[in-house]
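# Structure assessment
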Amino acid sequence: MTDWIDIGTLADLPLRGSRTLTLAGDPVAVFRTHDDRVFALIDRCPHKGGPLSAGIVHGHAVACPLHNLRISLATGAVLGEDAGCTPVVPVRVAGERILLASPVRAAA
Amino acid sequence: MEFFEATATHVDDGPVPAPASPDAREHLVVIGNGMAGCRAVEELLARDGTRFRVTIFGAEPHVNYNRIMLSPVLAGERTFQEIVINDSGWYAQHGIELVAGDPVVAIDRVARTVTARSGRVTGYDKLLIATGSDPFIIPVPGHDLPGVISFRDMADVDAMLAAAAGGGEAVVIGGGLLGLEAAHGLTLRGMKVTVLHLMPTLMERQLDEAAGWLLKSALEARGQTILTGADTAAILGDGKVEGVQLKDGRVLPAKLVVMAVGIRPSVKLAREAGLAVGRGIQVDDHMVTSDADVLAVGECVEHDGQCYGLVAPLWDMCRSLADGLVGRTNPYRGSVTSTKLKVAGLDVFSAGDFSGGEGCEDIVLRDAARGVYKRVVLKDDRIIGAVLFGDTGDGGWYFDLLKKGERVAAIRDVLIYGQAFASGGGLADPKAAVAALSDDAEICGCNGVSKGQVVASIAGGACSLDAVRSGCKASASCGSCTGIVETLLALTLGEEGVQAGPKTMCKCTSYGHDEVRRAIVEQGMRAIPEVMQRLHWSTPDGCSSCRPALNYYLLCALPGEYVDDQQSRFVNERLHANIQKDGTYSVVPRMWGGVTTPTELRAIADVVEKYNAPMVKVTGGQRLDIFGIRKEDLPAVWADLNAAGMVSGHAYAKALRTVKTCVGSEWCRFGTQDSTGLGIKLERGFWGSWMPHKFKMAVSGCPRNCAEATIKDFGVVCVDSGYELHVGGNGGIHVRATDLLVKVTTEEEAMHTAAAFVQLYREEARYLERTAPWIERVGLGHVKARVVEDEAGRDALAARFWHSQSFSQDDPWAERVAGADAGLHQPLLAAAE
Ligand code: SRM
Ligand SMILES: Cc1cc2nc3c(=O)[nH]c(=O)nc-3n(C[C@H](O)[C@H](O)[C@H](O)COP(=O)(O)OP(=O)(O)OC[C@H]3O[C@@H](n4cnc5c(N)ncnc54)[C@H](O)[C@@H]3O)c2cc1C
Ligand code: SF4
Ligand code: FES
């Protein structure tokens, strides 16, 4: 069974941006895209661990701030020529509230 | 616009053709003012400009235009004027009479006349039928409702645009080339588009299943709904279209239905005139029909059992036709075709036969991460088909090998990696590959231009991409051969001889930096979404390349008015600190001209201890860098530094970084002027200004140049008689020493010139172009002309700079300390453990 924890509302997230939190010891980046969809990834780039939360969010992807790899927000996979994947944290929007699946390990 | 109100102006010239002044030349009458008809006339004129008097009848009220470019017109990427092939001047120049807007309704082969709808009867010696195709309309109930439109000519585009105004829902029936280009255009025009396709995969005649699926996913990602296996039962609506019903009962609301399910050769006239007609008008190898005086060309013909629906075969046909007319033999032997989809940012190519089967061998390369799929089909050691998705750069090469029927055993193992690889083990110069192409290799499929013709056009004086485009038309349509044309320019003229043209900003747009910037200024655009909408960005919100550039261009164009878009900035500029490899940040306070005080040093020391910064270092820019600060602590660190009077050093920004100085006349035994003082003045005056890239300055007190002023973007070298102002220097990978811009005698002049230079750079350089490459591109002469020689211009540039500075010297740190954007630094949920 997945536990869902309430992490706030859409208004807490900057449009085309992200905020972070720590879940079961893991850094998590929660993203809000141009079309108000919410995604969550472990905040660690599969390349060299860059904080994805600090990247530029475009479409349903984020560009890692360290070396500009593009990561799909939906799958965590690196887009483009390189390979790699960062775990996705299941996220749900229930009414106003954003719910995150916890603990991360169970989902990853 | 080039309009011909023909029916009104051209009067019936009687049942017996009687030209006003008798013309001894033979009369060639062309039915169809489209791509093939006019091209045939062009080819004929190129061979013999005197033998025929030419009259062209066109059903459309326009001059000859490039039909394949209707898709970019629909998408808003081109205007009608831009796709005109021959304007009215061309007809006049060659004495061609154009009867536009008056279709021919009958041919009398015995009397050798044609009759137009207006009743006008015209005699001919030779008749050329080039009537093209008619769109096929599926005869479901409702197919004739207003709002059901085909996609064939300019009138259809106008009708679609009228329907698209105000948005709403559109259904495109048909997931082939035309349907998908229509869907793309309508999506860009703001409609919510659903594509209905009967077959299980899109463009099934050009693409295999894998590529069709990739295409579907890519289009869906752009917001279209694609329903495959969707069979239309009826078009619903009362007096106008309201929706589409599928055979499975689903109903899709729509105010516009585009029917793009196929075309049929337009043969009615020919059939009624008793010419031999199968699927198309039957012609021989010189495009002569069953009547020796009647020729036919283009999509309306059937040659050797084949009908064609693409332009490339027309070019071949027109050459054989013109040769035949002037008595040369050059038989047309049919064409192999290739297809490209003209949807910006989506690369799809196919050629030949890839249905596979007996004796065929597939070579496939898939790169899921890059979204690339390539498949080449071989038979008997020759390429017979190719499908490319995501990376179509080698399409032309495969197509050339295919058409020539060349054996590929020797390169079989590396074939799929493309030409550069196959012709030299991966390290080969891609230029060599282009150089190796034969002269008759087709470069531009859209306009039928061979390598030989491109090279001839360049040799004839076309020194830039644009000049080649307007000269021989290569790369002027879909643009997919642009790379090859650029290589040919470089090969023919040498790198230095090529005049650079615009490269597109990124995959999201077909415009280059300069074009986008010009459009922003000229059209007074005020926000990123507005630019994306007006210039038809192919992505919903751009990418990490174009967003920061657009943000800068708008900021530069509208100082004090434009509201900066934080989410379009790289993290360093968003957080006003430099991100480090471990995700912590470094903080560099300004140290004006490299001069500091005990108070500042104490404040820095305190910060280092209070926040446990693991390192503090003197930078190469004469100031101190505090490393290892956590994102959450940044506002507190800044607050402490602000309290000691320090502001952000913008060590992270595309803006003024440091101004290095040496001690100068105040202390140094060689110093000629107060270099430290001038450096501080410069830094105080110029800090905070956003630039295309980072910008560094230095002031050295004498030509010994201890502040390294001659590798700075703007460097001052003091001499006894004044100040030498140097520009365009760069450290970095490619070191470039500065050019001397001008020598001035006072500090005021130095500041004034600096302001004018910086503003010119701000207004003209492309985003992420430092002064060094910018000056290499535009030339020092240009910069001198604007900043040194044109006094009024210099004053105006400097005035614009100081105006902009009046809005930009707020310390970003102080703003954050005061609470702006606090959320950026704080975790979303403090205790989510
Ligand atoms: C801190 C510093 C090294 C040091 O410890 O001394 C430094 C550090 C970095 N430099 Fe530098 N450069 C530093 C002085 C220089 C200098 C010397 C100078 O300014 O006199 C140069 C050569 C001069 C020049 O720019 O032409 C220099 C040429 C570069 C380049 C190459 C620029 C180019 O046009 O080719 C880069 C790469 C880039 O910007 O793309 C770069 C990029 C960087 C980056 C931003 C790399 C990065 O993207 O993370 C480093 C960030 C460090 C940080 O997080 O703080 N740094 N860098 C210096 C900071 C100066 C300051 O006080 O602001
Ligand atoms: C939107 C669109 C996109 C396309 N994209 C591509 C592409 O990317 N690549 C490609 O290779 N091909 C493409 N094509 C196909 C290409 O445009 C045609 O193959 C080409 O135009 C055929 O030339 P044509 O002269 O035979 O016919 P047309 O160009 O259609 O010319 C026929 C002309 O004859 C006129 N006419 C018809 N009957 C009469 C009459 N009785 N009296 C007088 N005039 C008459 C018609 O009005 C028309 O103007 C595209 C077509 C369309 C519609
Ligand atoms: S020289 Fe290289 S390693 Fe050193 S600071 Fe500059 S970019 Fe980083
Ligand atoms: S760490 Fe993300 S791209 Fe290198």
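Residues numbered from 1 in each chain as written. Chains lettered and ligands numbered in written order. Predicted model: local features only at pLDDT ≥ 70, side-chain atom pairs only at ≥ 80, totals over all residues. Heavy atoms only, no water.

## Here we look at the overall build of chain A
Rule in force here: A helix here means a DSSP run of H or I that spans at least four residues, while a strand means a run of E at least two residues long, and both kinds are numbered starting from the N terminus. To sort residues, take the accessible area from a 1.4 Å probe on protein chains only and compare it with the maximum for the residue type: under 20% means buried, over 50% means exposed, and anything in between is partly exposed. Contacts are residue-level and defined by heavy atoms, with any inter-residue pair within 4.5 Å sufficient. The Shrake-Rupley method, run with a 1.4 Å probe sphere, supplies the accessible areas, and residue values consider only the shown protein chains as cover.
Across its full length, chain A carries one helix and 10 strands. The helix and strand sequence of chain A, counted from the amino end, reads β-β-β-β-β-β-β-β-β-β-α. Taken over 108 residues, chain A has a buried fraction of 50%. Within chain A, contacts between residues separated by at least 24 positions form 39% of all contacts whose residues are at least 6 apart in sequence. Of the roughly 4600 Å² of accessible surface on chain A, a fraction of 49% belongs to carbon and sulfur atoms.

## Describing the packing of aromatic side chains
All names here are of chain B. The criterion, for reference: Here a pair means two rings of Phe, Tyr or Trp (six-membered ring of Trp) with centres within 6.5 Å. Their orientation is stacked below 30 degrees between planes, edge-to-face above 60, and tilted elsewhere.
By the definition in use, this model includes 15 aromatic pairs over all chains. For the ring pair Phe 757 and Trp 774, a centre distance of 5.9 Å and an interplane angle of 55 degrees mean the geometry is tilted. Residue Phe 757 is found in helix 24 (residues 747-764), and its partner Trp 774 is found in helix 25 (residues 771-778); the two are separated by 17 residues along the sequence. Here the aromatic cluster, defined as three or more aromatic residues joined through ring pairs, consists of Phe 695, Phe 714, Phe 757, Tyr 761 and Trp 774.

## A short note on the site of ligand 2
Residues and elements named next belong to chain B. This is how the line gets drawn: What makes a residue near a molecule or strand is one non-hydrogen atom of that residue sitting within 4 Å of it. Polar contacts here mean pairs of N or O atoms no more than 3.5 Å apart (in protein, one a potential hydrogen donor and the other a potential acceptor; neighbouring residues in sequence count only if both atoms are side-chain atoms). Only Asp, Glu, Lys and Arg are considered charged in this grouping, and only Ala, Val, Leu, Ile, Met, Phe, Trp, Tyr, Cys and Pro are considered nonpolar; every other residue, Gly among them, is considered polar. What counts as a domain boundary in this text is fixed by an automatic or database domain assignment.
Around ligand 2, the surrounding shell holds 31 residues, and the nearest of these are Ala 36, Glu 60, Arg 152, Glu 299 and Lys 342. Within the side chain of Glu 299, an N or O atom sits 2.4 Å from an oxygen atom of ligand 2. Out of a free accessible area of 990 Å², ligand 2 has 91% covered by protein chains. Contributing elements (two or more residues each) for the shell around ligand 2: helix 2 (35-47), strand 2 (52-58), helix 7 (177-188) and helix 10 (311-325). Looking at the shell around ligand 2 element by element, the count peaks at three residues for helix 7. Taken together, the residues of the shell around ligand 2 break down into 16 nonpolar, nine polar and six charged. For the shell around ligand 2, the domains that each give at least three residues are domain 1 (2-133 + 265-325) and domain 2 (148-261).

## Some words on the confidence of the model for chain A
Residue and element names in this part refer to chain A. Filter applied, for reference: Scored between 0 and 100, pLDDT is the confidence that the predictor attaches to each residue.
Taken over all residues, the pLDDT of chain A has a mean of 86, while the share at 70 or more is 93%. Per-element averaging of pLDDT across chain A places helix 1 (residues 104-107) at the bottom with 43 and strand 4 (residues 38-42) at the top with 95. Segment residues 104-108: pLDDT under 50, and seven contacts once partners within four positions in sequence are set aside and those in other chains are kept.

## What about helix 21 (residues 598-610) of chain B?
Residue and element names in this part refer to chain B. Quick note on the threshold: The length a helix should cover is 1.5 Å for every residue beyond the first. Within this analysis, the arc is defined by the directions that extend from the helix axis to the C-beta atoms.
Counted at 1.5 Å a residue, the expected span for helix 21 with its 13 residues is 18 Å, and the 18 Å between its end C-alpha atoms agrees. Among the residues making up helix 21, those that are buried are Glu 600, Ala 603, Ile 604, Val 607 and Val 608. Around the axis of helix 21, the buried residues are gathered within 135 degrees of arc, so they sit on the same side. With respect to the buried face of helix 21, the exposed residues turned more than 90 degrees away are Pro 598, Arg 602, Glu 609 and Lys 610. Residues of helix 21 that are buried in the fold lie against strand 32 (615-618), strand 33 (624-629) and helix 22 (634-643). Immediately downstream of helix 21, the backbone of Asn 612 shows phi near 50 degrees, a positive value.

## A few points about helix 19 (residues 546-557) of chain B
With 12 residues, helix 19 of chain B extends 16 Å from end C-alpha to end C-alpha; this agrees with the ideal 16 Å at 1.5 Å per step. A large share of helix 19 of chain B lies buried, amounting to 11 of its 12 residues. Those residues of helix 19 of chain B that are buried are in contact with strand 5 (56-58) of chain A together with helix 17 (513-522), helix 18 (528-534) and helix 24 of chain B.

## What to know about the nonpolar core
Residues and elements named next belong to chain B. Selection rule: As used in this record, nonpolar core signifies buried Ala, Val, Leu, Ile, Met, Phe, Trp, Tyr and Cys residues forming a set joined through side-chain atoms within 4.5 Å.
Judged by nonpolar contacts, the single largest core of 120 residues is most densely connected at Ile 129, Leu 186, Leu 215, Val 297 and Val 454. Look past the residues within four positions of Val 297 in its chain and what remains in contact with it is Ala 36, Ala 40, Leu 128, Ile 129, Ala 130, Met 287, Met 317, Cys 318 and Leu 321. Among the nonpolar cores identified, the runner-up in size contains 52 residues, and Val 516, Tyr 552, Leu 575 and Met 646 belong to it.

## Some points on the sheet that holds strand 17 (residues 251-253) of chain B
All names here are of chain B. Note the threshold: Any two strands with at least two DSSP-identified bridges between them are counted as paired. Comment: axis = line fitted to C-alpha atoms, over the contacting stretch for helices; angle = value between 0 and 180 degrees taken between N-to-C directions.
The strand order across the open sheet built from three strands is 15-16-17, with neighbouring strands paired in antiparallel fashion. What marks the edges here is a single partner per strand, and that holds for strand 15 (232-236) and strand 17. The sheet shows a mean angle of 20 degrees between the axes of neighbouring strands, taken without regard to direction. Sheet analysis places strand 15 next to strand 16 (residues 243-246), joined by four bridges and oriented antiparallel. The partner of Ile 235 across the bridge, within strand 16, is Val 244.

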